[in-house]
Amino acid sequence: KDRWFQFGGCYALIRKKTKSYIFFQFLRNIFLLFIILEMVKTVGSIFIVKSFRQRVELKIEEAFLFQVILFFEVIFFLALLQALWEWIFESKTALIVMWIYYLMSLFMGEICYINGWPLEILLFLVPNFGMGKRIIQLTMDKEVIMIWLTFLIIVVMLTLKIVITKKDFWNV
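Keep in mind that this is a model prediction, so the values were computed, not measured. (Residues numbered from 1 in each chain as written. Predicted model: local features only at pLDDT ≥ 70, side-chain atom pairs only at ≥ 80, totals over all residues. Heavy atoms only, no water.)

Where do I start with the overall build of the chain in this structure?
In terms of helices and strands, the chain carries 7 helices and 0 strands. If you list the helices and strands of the chain from N to C, you get α-α-α-α-α-α-α. Within the span of the chain, comprising 172 residues, buried residues form 34% of the whole. On the chain, roughly 11,500 Å² of surface is accessible, and the fraction owed to carbon and sulfur atoms is 69%. (Helix = DSSP H or I, 4+ residues; strand = E, 2+ residues; numbered from the N terminus. Buried < 20%, exposed > 50% of the residue type's maximum accessible area, 1.4 Å probe, protein only. Areas by Shrake-Rupley, 256 points an atom, 1.4 Å probe, with all protein chains shown as cover.)

Below, the structure written as structure tokens:
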């Protein structure tokens, strides 16, 4: 939250006269950043595959496309969640909370799989969705996972919007 004031966020807030402006600017910036990163990753992967093999036909399969979209949604969700924690707590505390959530999610995902616990528990352990092997082991349909993750993104976005609009910027 402090960096918004270092890079003109205070002036934007005064000029636009709405706190929602900062929220929408943040969403736009983070979404564009992740789109660019995913495009660079995909183009880089294609370039590497083509450079190692002279004649390779690249077929974009449904499973690959699903995994790319799912990975993008997972990263976007985690970035939004990190931003939410940073608006609520100090940045160091938010980072610790996020790492604990991330590591516990992976640990609990492994425990669920090994012990045969219901895999529906993984719905709340989002970092597991970003891993190809773990997503294959889920018994749910791909569409259900995508809809659930989209729902979680919307919930975090709405919560973040509420936190930002309720925040008193002048006493930061």
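Before we go on, may I ask you to explain the environment of Phe 72 in this structure?
In this fold, Phe 72 is placed in helix α4 (residues 62-88). Classification of Phe 72 by relative accessible area gives buried; the value is 15%. If we skip the residues at most four places from it in the chain, Phe 72 touches Phe 31, Phe 34, Ile 35 and Glu 38. (Contact = heavy atoms within 4.5 Å.)

What should I look at first to understand the environment of Ile 75 in this one?
With respect to the element layout, Ile 75 can be found in helix α4. As a C-alpha pair, Ile 75 and Phe 129 span 54 residues in sequence and 9.9 Å in three-dimensional space.

I tried to follow a nonpolar patch on the surface on my own but got confused; where do I start?
Together, Phe 31, Leu 32, Ile 35 and Met 39 make up a nonpolar patch on the protein surface, roughly 350 Å² of accessible area in all. Among the structural elements, Ile 35 can be located in helix α3 (residues 20-52). (Patch = residues over 30% accessible without salt bridge, like charges linked within 9 Å, V, L, I, M, F, W, Y side chains within 5 Å. Salt bridge = Lys/Arg side-chain N within 4 Å of Asp/Glu carboxyl O.)

Quick question: what am I supposed to make of helix α7 (residues 142-166) here?
The α-helix advances 3.6 residues per turn, and as a result positions three or four apart in sequence lie on the same side. Relative to the 36 Å expected for 25 residues at 1.5 Å per residue, α7 spans 36 Å between its end C-alpha atoms, a close match to the ideal helical length. Listed in full, the buried residues belonging to α7 are Ile 145, Met 146, Leu 149, Leu 152, Ile 153, Val 156, Leu 160, Val 163 and Ile 164. (Expected span 1.5 Å × (residues − 1).)

What exactly am I supposed to notice about the nonpolar core here?
Across soluble globular proteins, you tend to see nonpolar side chains buried next to one another. In this structure, Phe 77, Leu 80, Phe 129 and Leu 160 are the most contacted members of the largest nonpolar core, which totals 32 residues. Looking at this core, the elements with two or more residues in it are α3, α4 and α7. (Core = buried A, V, L, I, M, F, W, Y, C linked by side-chain atoms within 4.5 Å.)

Looking at this model, I keep getting lost on the pattern of salt bridges. Mind explaining?
Note that side chains of opposite charge can pair when their charged atoms are close. All told, the structure shown has 1 salt bridge when counted by the stated rule. Two residues, Glu 38 and Lys 41, come together in a salt bridge whose shortest N-O distance is 3.2 Å. Taken as a pair, Glu 38 and Lys 41 lie in helix α3 at a separation of 3 residues, close to a single helical turn.

So what exactly am I meant to see when it comes to the side chain of Glu 38 here?
Assessed through its relative accessible area of 13%, Glu 38 is described here as buried. The residues contacting Glu 38, other than those within four sequence positions of it, are Val 68, Phe 71 and Phe 72.

Can you help me understand helix α5 (residues 91-115) in this one?
With 25 residues, α5 should cover 36 Å at 1.5 Å per step; its first-to-last C-alpha distance of 36 Å lies within 8% of that length. Among all positions in α5, only Ala 94, Met 98, Ser 105, Leu 106, Gly 109 and Cys 112 are buried. In the stretch just after α5, Gly 116 is the one whose phi turns positive, near 75°.

Would you mind showing me how to read the packing of aromatic side chains here?
The geometry of two aromatic rings is summed up by the distance between their centres and the angle between their planes. Scanning the entire structure with this criterion turns up 7 aromatic pairs. When the centroid spacing of 5.6 Å and the interplanar angle of 85° are considered together, the rings of Phe 31 and Phe 72 count as edge-to-face. You can see Phe 31 sitting in helix α3 and its partner Phe 72 sitting in helix α4, a full 41 residues away along the chain. With a centroid separation of 5.5 Å and 85° between ring planes, the pair formed by Phe 124 and Trp 148 is classed as edge-to-face. Of this pair, Phe 124 sits in the loop between α5 and α6 (132-137) while Trp 148 sits in helix α7; the two residues are 24 residues apart in sequence, bridging distant segments of the chain. Pairwise contacts between aromatic rings join Phe 31, Phe 72 and Phe 76 into one cluster. (Phe/Tyr/Trp six-rings, centres within 6.5 Å; stacked < 30°, edge-to-face > 60°.)

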